[in-house]
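Given next are the chains, with one letter for each unit.
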Amino acid sequence: MAKYVGSWWIKDGIDGRRLEAEGFASTLGGLAEFDWTQNHGDSGVVESDFVTTSGSTQRSDSVDALQMSSHGSANAFTIWGGSVTTGEAVDFGKNDLEFFATHACDLLEHTSTNSVGRWIPAFERLHYMLGFHNSSYSGGGQNSRGTWFAMYAAWLYYGPLSWLFRIDMPIREAWAEANEIVEGSNVQWAYLRAEAPGAPTYNERLREAESTDPVSSRSFWTARGTC
Amino acid sequence: MPFTISDLELKTDLPDIPDTIPVAVLASPCAKERSGSARRLAEILDLEVAGTVDVPHGYAVGGSHGQVEVFTASGAIRARNTDRLSAYPDERRKWADAKLGDDGFQLGKRSTEQLTRSAMEILERSELRDNWADLDVVLGQWALLDEKGNELESGPGRATVRLSYAAEGIPLIGPGAKTHLHFDPDEEGAGGLLARFFHVHRAVEASTDVATQSLEEAFEPLLTQSWAGLEVDPSSARLSITSAKLGLLALPADVAQGFAAPALAVEGQLAGAVAADGRELTVGFGQYVALAHPKSLASSGLATSGPLVHGEVVRRRGKGE
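Predicted model only: the values in this text are computed from it and were never measured. All residue numbers refer to position in the chain's written sequence, counted from 1. The order in which chains are written sets their letters, starting at A; the order in which ligands are written sets their numbers, starting at 1. For this predicted model, a pLDDT threshold of at least 70 governs which residues receive local features, and a threshold of 80 or more governs which side-chain atom pairs are given and counted, while totals over whole chains, interfaces and linings are taken from all residues.

Undergrad: Please clarify how the overall build of chain A should be interpreted in this entry.
TA: Each helix is a run of DSSP H or I of at least 4 residues and each strand a run of E of at least 2, with the numbering of both proceeding from the N terminus. Along its length, chain A carries three helices and 10 strands. Projected onto the principal axes, the alpha-carbon positions of chain A cover approximately 50 × 45 × 40 Å. Remark: C-beta atoms are placed from the backbone, and a residue is labelled buried if 20 or more other C-beta atoms sit within 10 Å of its own, exposed if 12 or fewer do, or partly exposed between those counts. In chain A, buried positions account for 67% of the 227 residues. The contact rule is simple: place each C-beta atom from the backbone, and if two of them lie within 7 Å, those residues are in contact. Within chain A, contacts between residues separated by at least 24 positions form 76% of all contacts whose residues are at least 6 apart in sequence.

Printed below as a string of structure tokens:
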């Protein structure tokens, strides 16, 4: 069964922000193993896509993996005309979502005074949040971030060179390699992942069939490195 | 009403912007000339080479345990041993002399020197040692948290030897001028095993001076952009710059680049933006601000058409279709 992927983006005058997110979903959507089922931009990026809202379908949770481009801070990422904060009813993975990747600045900052654990309540059955510890950039060729993420996470495994060899790496490495291409060394990629007994995620691949979700007796790991 | 330059709150000193500044004219890369480097990197990474295949961005040499990729657009080269990328059960890496400092875990002198030596040997052997401007060794950082977000443990991750470059005495900034050698610790925890490698550095074949824009002109794209549909009133919102670095912007490895033009890498915050529900928001940003005057660039024969922009998806597939 195909995995579903999606893209959410807010351009704010830089079309590369749309291309970043759409590049992820469209690259994977070209594979038989994935379907690109959600694509929302600018005013179409609404709070109910990410926050449990009575009477609304949480569209982000109808996909297995998504990439988003919008602004952010340690405690929030922007949607159109507002933001989604750590204080809201964010329950990623209550239905489907396993991997949430975003360009938002500082979202996964982890310091002695501000633990990235502030995002743990957003993990229902989510496996990974992938983002940045500090500021990520726009306007200097970052357009292909999502394309590279998709290529290293799955496309180069299934793609046209697979008759000779496959490029196969964990999703955390795919995020690091993608951002090493499009960001300067001053930027630090980061992730927050959940794991549980019987549900290891450190070496999890996006290409793999859906695995056991980490839901009880969980621990959380955050890591960051140079882009 | 958009922000003006006088609305900018400077929390850092802006670099001095001269009236004219060099633009580095870059040599056309030849990806085929990297084939020797690719083969040697495959040896260094202990890869079994099954063959060479074309990929969308160039070609890849290797097998299922690791690959070396060469980027046609820039001559960049990237390599990995995929077995090593999955060899650990979690983020922990045992470095013998890593210590917690003010900015996270840092390697001691012994490991730093050993990794630097290893990096130089690898670059020499793969014929990728260029004249670098700066070198440092940094550690990845990790932390283990409980369900409530309390930090239970923290430590060092993979070590990276980083080299940066300059042209005409000006730093090359952005994603497209760097060399990274990512090491996991060896059994003693002092030296390292190369896990990943990335080198992008286009050769400079000439330079020419161009006139710079005024700060008002340079910052206009930042000052006039929208902010996710938020209400931004310059009389109450604050747009601050927290860091600004002057350099020649080197574009990513997958972009064909004829010249590296001056730019500022700026970071900052927008505070006091108002959401539709009345809440005030603060968001961060990182943005490259072009400094070269377009007319001066054009008169030097260095104008650019801008990127190819793809169309937008207007019909979506529904779930399961």
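Picking up where we left off.
Undergrad: Explain the interface of chain B and chain A here, please?
TA: Interfaces are often sized by the amount of accessible area the parts lose when they come together. Taken together, the contact pairs 73 residues of chain B with 66 residues of chain A. The set of elements that each furnish at least two residues to the side of chain B that touches chain A consists of strand E3 (51-55), strand E4 (58-63), helix H2 (82-85), strand E9 (134-145), strand E10 (151-164), strand E13 (177-185), strand E18 (262-274) and strand E19 (280-290) of chain B. With eight residues, E19 of chain B is the largest single contributor of residues to the side of chain B that touches chain A. The residue inventory of the side of chain B that touches chain A, partitioned by class, reads 33 nonpolar, 25 polar and 15 charged. At least two bridges found by DSSP between two strands is the condition for calling them paired. Pairing analysis gives five bridges linking strand E10 (residues 219-226) of chain A to E9 of chain B, with the strands arranged antiparallel. Following the sheet pairing, Arg-224 of chain A is matched in E9 of chain B by Gln-141 of chain B. Asp, Glu, Lys and Arg are counted as charged, while Ala, Val, Leu, Ile, Met, Phe, Trp, Tyr, Cys and Pro are counted as nonpolar; the rest, among them Gly, fall into the polar class.

Undergrad: Whenever I open this one, the pairing of strand E3 (residues 65-69) of chain A confuses me. Can you help?
TA: On a regular strand, one side chain projects to one face of the sheet and the next to the other, so that they alternate. All names here are of chain A. With five of its five residues buried, E3 lies for the most part within the structure. Covered by surrounding structure in E3 are Ala-65, Gln-67 and Ser-69 together with Leu-66 and Met-68, the residues of both alternating faces. Here strand E1 (residues 3-9) runs beside E3; their pairing, made up of five bridges, is parallel. Along E3, the bridge assignment pairs Gly-6 with Leu-66.

Undergrad: How do you make sense of the packing of helix H1 (residues 16-29) of chain A against helix H2 (residues 145-158) of chain A when you look at a structure like this?
TA: Two quantities define a packed helix pair, namely the angle between the helix axes and the distance between the axes. Residues and elements named next belong to chain A. The angle between two axes is taken between their N-to-C directions and runs from 0 to 180 degrees, where each axis is a line fitted to C-alpha atoms and a helix contributes only its stretch in contact. Look at H1 against H2: their axes get within 6 Å of each other, and the N-to-C directions meet at 30°. In terms of their interaxial angle, H1 and H2 are classed as roughly parallel. Of the two elements, H1 crosses H2, and the hand of that crossing is right-handed. Every residue of H2 that contacts H1 at Glu-20, Ala-21, Glu-22, Gly-23, Phe-24, Thr-27 and Leu-28 is listed here: Arg-145, Gly-146, Thr-147, Phe-149, Ala-150, Met-151, Ala-154 and Trp-155. For the contact of H1 with H2, the class distribution of residues is eight nonpolar, four polar and three charged. Roughly parallel means an angle under 35 degrees; roughly antiparallel, over 145; roughly perpendicular, 65 to 115; everything else is oblique. With the far helix as reference, a near helix turned anticlockwise by less than a right angle produces a left-handed crossing, and one turned clockwise produces a right-handed crossing.

Undergrad: Quick question: what am I supposed to make of the nonpolar core here?
TA: As a rule of thumb, nonpolar side chains are buried together in soluble globular proteins. Among buried residues, those of type Ala, Val, Leu, Ile, Met, Phe, Trp, Tyr and Cys that are joined through C-beta atoms within 7 Å form a set called a nonpolar core. Core analysis: the biggest nonpolar cluster contains 157 residues, and Phe-149, Tyr-152 and Trp-175 of chain A together with Ala-260 of chain B have the highest contact counts within it. Broken down by element, the residue count for this core peaks at 10 residues, all from H2 of chain A. Ignoring any residue separated from it by four or fewer positions in sequence, one finds Tyr-152 of chain A in contact with Ile-167, Met-169, Ala-174, Glu-177 and Ala-178 of chain A.

Undergrad: Can you walk me through the environment of Gln-142 of chain A in this structure?
TA: All names here are of chain A. With respect to the element layout, Gln-142 can be found in the loop between strand E8 (128-132) and H2. Sequence-wise, Gln-142 and Val-182 are 40 residues apart; in three dimensions their C-alpha atoms are separated by 5.0 Å. Setting aside its immediate chain neighbours within four residues, Gln-142 contacts Gly-16, Glu-20, Tyr-137 and Val-182.

Undergrad: What should I look at first to understand the environment of Ala-223 of chain A in this one?
TA: All names here are of chain A. Checked against the element boundaries, Ala-223 lands in strand E10. Residue class for Ala-223 comes out buried when judged on the 23 C-beta atoms lying within 10 Å of it. When the C-alpha atoms of Ala-223 and Leu-130 are compared, they prove to be 9.9 Å apart, with 93 residues separating the residues in sequence.

Undergrad: What exactly am I supposed to notice about the pairing of E8 of chain A here?
TA: All names here are of chain A. Counted residue by residue, E8 has five buried out of five residues, so it is predominantly covered. Side chains Tyr-128, Leu-130 and Phe-132 project from E8 onto one buried face, and the interleaved Met-129 and Gly-131 project onto a second face that is buried too. By the bridge criterion, three bridges tie strand E7 (residues 99-102) to E8 in an arrangement that is parallel. By the bridge assignment, Ala-101 is partnered in E8 with Leu-130.

Undergrad: What am I meant to see in the sheet that holds strand E15 (residues 204-211) of chain B here?
TA: Think of a sheet as strands paired side by side through backbone hydrogen bonds, with each pair either parallel or antiparallel. The three strands are arranged E15-E2-E17 (chain B) in an open sheet whose pairing can be described as antiparallel. Since the sheet does not close on itself, it has two edges, and those belong to E15 and strand E17 (259-260) of chain B, each with one partner.

Undergrad: What is the right way to look at the domain arrangement of chain B in this model?
TA: All names here are of chain B. These domain limits were set by an automatic method or by a database of domain assignments. According to the domain assignment, chain B consists of domain 1 (5-25 + 206-299) and domain 2 (29-202). Measuring from the centre of the C-alpha atoms in domain 1 to the corresponding centre in domain 2 gives 30 Å. On the domain 2 side, the residues contacting the 19 residues of domain 1 number 17 residues. Contributing elements (two or more residues each) for the side of domain 1 that touches domain 2: strand E2 (20-26), strand E16 (238-249) and E18. No other element matches E16, which puts four residues into the side of domain 1 that touches domain 2. For the side of domain 1 that touches domain 2, a count of residues per class yields 14 nonpolar, three polar and two charged.

Undergrad: Honestly, the confidence of the model for chain B in this entry has me stumped. Any pointers?
TA: Any region with low pLDDT has predicted coordinates that should not be read closely. Note on scores: pLDDT gives the predictor's confidence for each residue, bounded by 0 and 100. On average, chain B scores 93 in pLDDT, and the residues at 70 or more come to 95%. Prediction confidence for the complex, expressed as pTM and ipTM, is 0.95 and 0.96 respectively.

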